[in-house]
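Observations on the model geometry
Residues per chain, in single letters:
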Amino acid sequence: MHAHRLTTRVAALVAAFVLLFALSTPRPARAAGKIQIMTATSDLAALAQEVGGDKVDVESIARGYQDPHFVDAKPSFLLKLKRADLLIVVGLELEIGWLPPLITQSTNPKIQVGGPGYFDASRFAHILEIPSGQVTRAEGDVHPLGNPHYWLDPENGLRIAKGIADKLSEMRPADSAYFAQRYADFEKRLKDADQKWLAEMASYKDRKIVTYHRSWPNFADHFHLNVVGYVEPRPGIPPSPQHTVELIQQMKRDNVKVIVVEPYFDLKTPTAIARETSGQVLVLPPSVGGEKEITDYFKLFDYDINKLKQALDSTK
Ligand SMILES: [Zn+2]
């Protein structure tokens, strides 16, 4: 009995010591919390996740199957924006119709435009179709500052990821080696993947296609496709009968057979155009999450290139 009581007392002493030790161990400063990142779109979330790893929590407001120009953002995002350390946006006025009120209502000083946690990814990307002269949203054109669909070029993906990695390092200097390593790893994997994608697309060089919206100039540039027309008369303007007739004439003249349509547009006009031109409608998601299997930035290109090749092969 005596021995047992002693054992119990020793055990209690050990437990007390362990507790005391645990309490007195200094915690690394602010290392516990993950950086809370909100992004406007799923592609930016995918890139932030690549470089942020397990040091960040990332969530996108827009879903990959939604038109990023016109997002019906749920009020539940307000709470998340209130807590965000970093807000990453596409910029170039892509989100002008839905994001500014959310930013204001969040009352989070960090993520207000110009705040330390407001990150405009377009500043890091190569931007196409920048209008010369007067900047305007005349006639409802939703691309007044240049084309905002710039993430569809892997080289821009790299540039944006580098910008995010540097920003995260600035916010958490103690983890800067981690973010630099994550970026280096992403760069290697993406460059390898891009070599494969370019090789797959090489035999389709300069093939002509038509797209519904101007979502693909960066993609077409990088993979050497030739976008010769659009179902929309101008970005954001629905098809008109006159424009559709002209597009059909042009497609017949240039022997264009593939009409790429983003998943959130009505298929009625594209289907009619395809019927008139013996062409094919190809629904192609421009964003991560546009299809269930497109779960990251790599799978976006895997999926789209695979679908494009099929369509270009079957309409040769
Ligand atoms: Zn657009």
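Residues numbered from 1 in each chain as written. Predicted model: local features only at pLDDT ≥ 70, side-chain atom pairs only at ≥ 80, totals over all residues. Heavy atoms only, no water.

**A few points about the sheet that holds strand β6 (residues 226-230)**
Our working rule: At least two bridges found by DSSP between two strands are what make those strands a pair. Secondary structure elements follow DSSP: runs of H or I of four or more residues count as helices, runs of E of two or more count as strands, with numbering from the N terminus. Orientation is described by axes fitted as lines to C-alpha atoms, over the contacting stretch for helices, and by angles from 0 to 180 degrees between their N-to-C directions.
Taken in spatial order, the four strands make up an open sheet running β6-β5-β7-β8, and their pairing is parallel. In the strand order of this sheet, the two ends are held by β6 and β8 (280-283), each with one partner. Taken pair by pair, the neighbouring strands of this sheet meet at an average axis angle of 35°, ignoring direction. Alignment of strand β5 (residues 208-211) against strand β7 (residues 258-261), held across two bridges, turns out to be parallel. Each residue of the ladder has a partner; that of Thr211, found in β7, is Val260.

**Digging into the nonpolar core**
For the record, the criterion: To form a nonpolar core, buried Ala, Val, Leu, Ile, Met, Phe, Trp, Tyr and Cys residues must be joined to one another through side-chain atoms within 4.5 Å. Three labels apply to residues, based on accessible area from a 1.4 Å probe with only protein chains included: buried if under 20% of the type maximum, exposed if over 50%, partly exposed otherwise in between. Here, residues are in contact when the closest pair of their heavy atoms is within 4.5 Å.
The biggest cluster of nonpolar side chains holds 57 residues, and the ones touching the most others in it are Ile88, Ile164, Leu168, Phe219 and Leu308. Looking at this core element by element, the count peaks at nine residues for helix α10 (residues 297-314). Leave out the neighbours within four places in its chain, and Leu308 touches Met201, Phe219, Leu225, Val260, Leu282 and Leu284.

**Re the packing of aromatic side chains**
Rules: Any Phe, Tyr or Trp ring, taking Trp's six-membered ring, that has another such ring centre within 6.5 Å forms a pair; planes under 30 degrees apart are called stacked, those over 60 apart edge-to-face, and the others tilted.
Taken as a whole and assessed by the stated rule, the structure comprises 14 aromatic pairs. Seen from their ring centres, Phe219 and Phe223 are 4.8 Å apart, and the 50° between their planes marks the pair as tilted. On the criterion of helical spacing, the pair formed by Phe219 and Phe223 is a turn pair, its members being four residues apart in helix α7 (residues 217-223). Each member of the pair, Phe219 as well as Phe223, is classed as buried. Between Phe219 and Phe301, the aromatic rings sit 6.3 Å apart at their centres with planes inclined by 5°, giving stacked as the arrangement. Of this pair, Phe219 sits in helix α7 while Phe301 sits in helix α10; the two residues are 82 residues apart in sequence, bridging distant segments of the chain. Accessibility expressed as a relative area gives 0% for Phe301, which makes it buried.

**Digging into the pattern of salt bridges**
Put simply, the rule is: Counted as salt bridges are all cases of a side-chain nitrogen of Lys or Arg within 4 Å of a carboxyl oxygen of Asp or Glu.
Going through the model one piece at a time under the given rule, you end up with 15 salt bridges. With a shortest N-O distance of 3.1 Å, Lys80 and Glu59 are connected by a salt bridge. With Lys80 in helix α3 (residues 76-83) and Glu59 in strand β2 (residues 56-60), this pair connects stretches of sequence that are 21 residues apart. A relative accessible area of 24% places Glu59 in the partly exposed class. Ionic pairing is found between Glu200 and Lys309, a salt bridge with its closest N-O pair at 3.0 Å. Of this pair, Glu200 sits in helix α6 (residues 176-201) while Lys309 sits in helix α10, and the two are 109 residues apart along the sequence.

**Observations concerning the coordination of the zinc ion**
This is how the line gets drawn: Sodium, potassium and calcium take a 3.2 Å donor cutoff, other metals 2.8 Å, and in both cases only N, O and S atoms count; water is not among them, so sites may look incomplete.
Bound to the zinc ion are the protein donor atoms His69 (NE2), His143 (NE2), His149 (NE2) and His213 (NE2), situated 1.9 to 2.0 Å from the metal. The sequence pattern formed by the donor residues of the zinc ion is H-x73-H-x5-H-x63-H. A residue pair is termed long-range when its members are at least 10 positions apart, and His143 in the loop between β4 (118-120) and α5 (154-171) and His213 in the loop between β5 and α7 qualify at 70 residues. Take His143 and His213: they sit in the same class, and that class is buried.

**Side note on helix α8 (residues 241-254)**
What counts here: A helix is expected to span 1.5 Å for every residue after the first. Here, the arc refers to the directions that run from the helix axis to the C-beta atoms.
The first and last C-alpha atoms of α8 sit 20 Å apart over 14 residues, in line with the 20 Å expected at 1.5 Å per residue. For α8, the set of buried residues is His243, Thr244, Leu247, Ile248, Gln250 and Met251. For α8, the buried positions fall inside an angular range of 165° around the axis, keeping them on one side. Among the exposed residues of α8, those oriented more than 90 degrees off its buried face are Pro241, Gln242, Lys252 and Arg253. On its buried face, α8 sits against β5, β6, β7 and α9 (268-277). Two residues or fewer after α8 comes Asn255, characterised by a positive phi angle close to 55°.

**Some details on the pairing of β6**
Note the threshold: Call a crossover right-handed when, viewed with both strands pointing away from you, the route from the first strand across the helix to the second goes clockwise.
In terms of residue burial, β6 counts as a mostly covered element, since four of its five residues are buried. When β5 meets β6, the two strands line up parallel, connected through four bridges. Bridge assignment links Val210 to a residue of β6, and that residue is Gly229. Traced from β5 through α7 to β6, the parallel crossover comes out right-handed.

**Some thoughts on the side chain of Thr41**
Tracing the backbone through its elements, the reader meets Thr41 in the loop between β1 (35-39) and α2 (42-52). The class for Thr41 is buried, based on a relative accessible area of 3%.

**Overview of the layout of surface pockets**
Convention followed: A cavity here means a set of 1 Å grid points, computed over protein atoms only, where a 1.4 Å probe fits but cannot escape. A pocket is an open set with protein on both sides within 12 Å along at least 5 of 7 lines, and lining residues have an atom within 4 Å of a point. Grid points are joined across faces, edges and corners, and a volume is the space filled by probe spheres set on the points. Each residue gets one of three labels, nonpolar for Ala, Val, Leu, Ile, Met, Phe, Trp, Tyr, Cys and Pro, charged for Asp, Glu, Lys and Arg, and polar for the others, Gly among them.
Space inside the second largest pocket adds up to approximately 160 Å³. Forming the boundary of the second largest pocket are 13 residues, of which Ser42, Ala45, Ala46, Ser60 and Val288 lie nearest the centre. In terms of residues, the lining of the second largest pocket owes the most to one element, α2, which gives four residues. In the lining of the second largest pocket, the residues fall into six nonpolar, six polar and one charged.

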